[in-house]
Amino acid sequence: MTQFTPEALENTCLPIFIDNEFVASEGKPFASYDPATGQQWSEIADATSEEVDRAVRSSRRAMENPAWRNMSQSDRGALLYKLSELVQRDTDRLSRLETRDNGKLLKEMTALTQAVATGMRYFAGMADKIEGTTIPVNKPDMLNFTLREPIGVIAAIVPWNSPLLLLNRAFSPAIAAGNAMVVKPSEHASASLLAFAELVAEAGFPAGVFNVVTGHGQSVGDALVRHPDVDKIDFTGGPETGRIIAGSAAANLTPSILELGGKSPNIICADADLDRAVTGVISGIFAAGGQTCVAGSRCLVHDSIYDEVIDRLVARTAEIRIGAPDDDATQLGPLALWSQVEKVGRFVEGAKTGGAELLAGGDRVPGMGDGWYVQPTIFGNVTNEMDIARNEIFGPVLGVMRYSDDEDMIAKANDTRYGLAAGLWTNDMERAMRFMGRINAGMVWVNTYRSPSVMAPSGGYKDSGYGKHNGFAAINEFTRIKTVVIDYSGKTHDPFVMRVQK
Ligand code: NAD
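Treat the numbers as computed from the prediction; the structure is a model and nothing was measured.

**Quick look at a nonpolar patch on the surface**
No. 1: Taken together, the side chains of Leu143, Ile486 and Tyr488 make up a nonpolar region of the molecular surface, amounting to roughly 290 Å² of accessible area.
No. 2: Following the sequence through the fold, Ile486 ends up in strand β21 (residues 479-487).
No. 3: Relative accessible area serves as the criterion here: at 39%, Ile486 is assigned to the partly exposed category.

Listed below in structure tokens is the structure:
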């Protein structure tokens, strides 16, 4: 009988997971809150640095263990496939744990957990298709080829907004390629990753292939990314933390993938289908309460349709149903953290005094008790100089700005330190093609928004980070290339002349 249900974990302290076993951490526990009620529901342990070390050593042993190191690629894929079936079997329980922890809609977490199972199957199928190349090097009697090898121990640091999905972007390709992993979940949402660890053991992965240490970023996260025996860091989170982690990684020359935040433009051209475009903008910012890295928080609208778009956005926003995250009718739930509620409040006040026009929302939702609910908020007449346009808010706040022509649109869209995603609503394919070439963003969506796929690479430019998740690009991130040269000429060569092509 699993202990990992929202009911069973109530008022308990979450364990850590090392060597396929759950153990109580020696570290100090701290409270974990349910955003829908604002009340504490469980505790999380701040694992000690000795426990972090044990977890990394456990993963290193797994890399040396013939049961994992010599497992055939097809068997690795089969194990991952089996795990996907367990995730599918337990979708309801895993999704309810995530909703309890981060307050996001149960229907959204359910869809994402199903996507985790699909993604796992995609990478399970890839495990025995990771190939090197044979390279003609202009040297007769010499064979030159490459091997793609696992990197080793991967440290994954995950945020709270979609723990399983974001972990799996690293977990599945890393495990398909034969690595081992230690994950530190967010201190705000750790339960689902421990429930996942239980499934990893049930699937039959050798001990140490996957370990979980819980706790705060500055203590446990820092000890993990600075650990000298970590071979690669996979980080998803905010840009400020990303900078700290890149610095910590530099000390050991540990390579890293950084998936950071965004301030993505969602652009409506004069020729767009306005019904679709307005729905796309609403979905880009208010689905998930704006708590998504690809939130389309800057809406750029052509001058000629600005007033009509504003009217439609405000009318559609007024219809959004706010309520408990586990109610199927709810479209906007609470924010995950009290500090986020306060942060949104600061941005709203700053926008009001800074000259933006408040068109909808701007306050907490009345009648929701102590829950952390914030109204869907729209500001008009926003400019790129304003704080709400420059910084990631990670809440349900949309800034709408005007543009005059395509040159102005591209300039304004690119005028940001971020470069994660961009959306364009147009029926002019030539305009879309020109846009796609000039926008500085890792993902571009035309006549759609928030449409990622496990099969397509995702990742940002500029302050949105570096490295790619999803698609075959992710396998490249979790393998390293070894070049092998074999001389079968049978000849002895002049030792003082390097055998390069003249
Ligand atoms: P965060 O940066 O505060 O924390 C992320 C993780 O880093 C947490 O597990 C935290 O404990 C850990 N951490 C913090 N300080 C650390 C340190 N010094 N060393 C090691 N680990 C440390 O982010 P958050 O508030 O949890 O998540 C929201 C952010 O994540 C937003 O900026 C959002 O855009 C970003 N995000 C990006 C993507 C993407 O794919 N680009 C996806 C989801 C979220």
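Having put the structure on the table, let's press on.
**Quick look at the sheet that holds strand β17 (residues 421-425)**
No. 1: In spatial order, the strands read β13-β14-β15-β12-β11-β17-β18; together these 7 strands make up an open sheet with mixed pairing. Bordering the open sheet on either side are β13 (357-360) and β18 (443-446), each of which pairs with just one other strand. For this sheet, the mean angle separating the axes of adjacent strands, direction not counted, is 20°.
No. 2: Note: strand β14 (residues 377-380) against strand β15 (residues 397-403), 3 bridges, orientation parallel. Across the sheet, residue Thr377 finds its bridge partner in β15, namely Val397.
No. 3: Relative to β14, helix α13 (residues 338-353) is tilted by about 25°, and along the sheet it contacts β13, β14 and β15.
No. 4: Across the sheet, helix α16 (residues 429-438) lies against β11 (265-268), β17 and β18, angled at about 165° from β17, the strand it touches most.

**Digging into helix α9 (residues 217-225)**
No. 1: Of all the positions in α9, only Val220, Gly221, Leu224 and Val225 are classed as buried. Down the axis of α9, the buried set is contained in an arc of 125°. They therefore lie on one face.

**Digging into the domain arrangement of the protein**
No. 1: Parsing the protein into structural domains produces domain 1 (16-260 + 464-483) and domain 2 (265-446).
No. 2: Contacts between the two partners involve 24 residues from domain 1, matched on the other side by 28 residues from domain 2.
No. 3: Taking both sides of the interface into account, the surface hidden between domain 1 and domain 2 amounts to around 1,900 Å²; carbon and sulfur atoms contribute 59%.
No. 4: Ranking the residues of domain 1 by area buried against domain 2 places Leu105, Trp160 and Ser464 at the top, with a combined share of 27%.
No. 5: Taking the shortest distance from any N to any O, the salt bridge between Arg417 and Glu240 comes out at 3.5 Å.
No. 6: Summed over the shared surface of domain 1 and domain 2, the number is 8 residue pairs in polar contact (both at pLDDT 80 or more).
No. 7: Of all elements in the fold, only α5 (91-102), α6 (106-126) and α10 (239-251) reach the threshold of two or more residues within the side of domain 1 that touches domain 2.
No. 8: In the side of domain 1 that touches domain 2, the residues fall into 8 nonpolar, 9 polar and 7 charged.

About the cut-offs
- Residues numbered from 1 in each chain as written.
- Predicted model: local features only at pLDDT ≥ 70, side-chain atom pairs only at ≥ 80, totals over all residues.
- Heavy atoms only, no water.
- Patch = residues over 30% accessible without salt bridge, like charges linked within 9 Å, V, L, I, M, F, W, Y side chains within 5 Å.
- Areas by Shrake-Rupley, 256 points an atom, 1.4 Å probe, with all protein chains shown as cover.
- Salt bridge = Lys/Arg side-chain N within 4 Å of Asp/Glu carboxyl O.
- Helix = DSSP H or I, 4+ residues; strand = E, 2+ residues; numbered from the N terminus.
- Buried < 20%, exposed > 50% of the residue type's maximum accessible area, 1.4 Å probe, protein only.
- Pairing = 2+ DSSP bridges.
- Axes fitted to C-alpha atoms, helices over the stretch in contact; angles between N-to-C directions.
- Contact = heavy atoms within 4.5 Å.
- Arc of directions from axis to C-beta.
- Domains from an automatic or database assignment.
- Buried area = accessible area lost by both parts, 1.4 Å probe.
- Polar contact = N/O pair within 3.5 Å; in protein donor to acceptor, adjacent residues only side chain to side chain.
- Nonpolar A, V, L, I, M, F, W, Y, C, P; charged D, E, K, R; others polar.

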